[in-house]
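Geometric and topological summary
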Amino acid sequence: QVQLVESGGGLVQAGGSLRLSCAVSGMLFRINVMGWYRQGPGNQRDMVATISSAGSTNYADSVKGRFTISRDNVKNTAYLQMNSLKPEDTGAYYCHVAYSDLAIRNREVWGQGTLVTVSS
């Protein structure tokens, strides 16, 4: 069973930095897209950043220039470096991974979420 383990959330002052990590464990064929999503007040999860297996990245307009997503394909881990944090970045951040299982079927999995709180 493929699982995600997230870490790195916490409390930081505005202007500070945090780095989130998302480690993938379990048997699979290939990790495709890895991404981070932030849960809003209506419980919807909005895309923050994604990275493809080839390294192509996509960011929400609100975080461009401040956040950087990266991945280590040896460690099966994605990272989200968050700089110049603002109070509006506060929320629960969820890692999402799209992967191919051993039968080459497309699957997806969510992490348990990690809380980021930015104080003003």
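Look above for the structure.
What you are looking at is a predicted structure, and each value in this text was computed from that prediction instead of being measured. (Residues numbered from 1 in each chain as written. Predicted model: local features only at pLDDT ≥ 70, side-chain atom pairs only at ≥ 80, totals over all residues. Heavy atoms only, no water.)

Examining unusual backbone geometry
- For Asn-76, which is not glycine, the phi dihedral falls at a positive 55 degrees.
- Mapping Asn-76 onto the fold places it in the loop between β7 (67–72) and β8 (77–82).
- With a phi close to 60 degrees, Ile-104 is a non-glycine residue in the positive phi region.
- Locating Ile-104 in the fold gives a position in the loop between β9 (91–100) and β10 (106–110). (Helix = DSSP H or I, 4+ residues; strand = E, 2+ residues; numbered from the N terminus.)

Observations regarding the state of the cysteines
- One pass over the structure, following the stated rule, counts 1 disulfide.
- For Cys-22, the disulfide goes to Cys-95, at an S-S distance of 2.1 Å. The sign of the S-S torsion, about -85 degrees, decides the handedness of the disulfide formed by Cys-22 and Cys-95: left-handed. With a gap of 73 residues between them, Cys-22 in strand β3 (residues 18–25) and Cys-95 in strand β9 connect regions that are remote in the sequence.
- Assessed through its relative accessible area of 0%, Cys-95 is described here as buried. (Disulfide = S-S within 2.5 Å. Buried < 20%, exposed > 50% of the residue type's maximum accessible area, 1.4 Å probe, protein only.)

So far we have only geometry, and geometry alone does not tell us how the molecule works.
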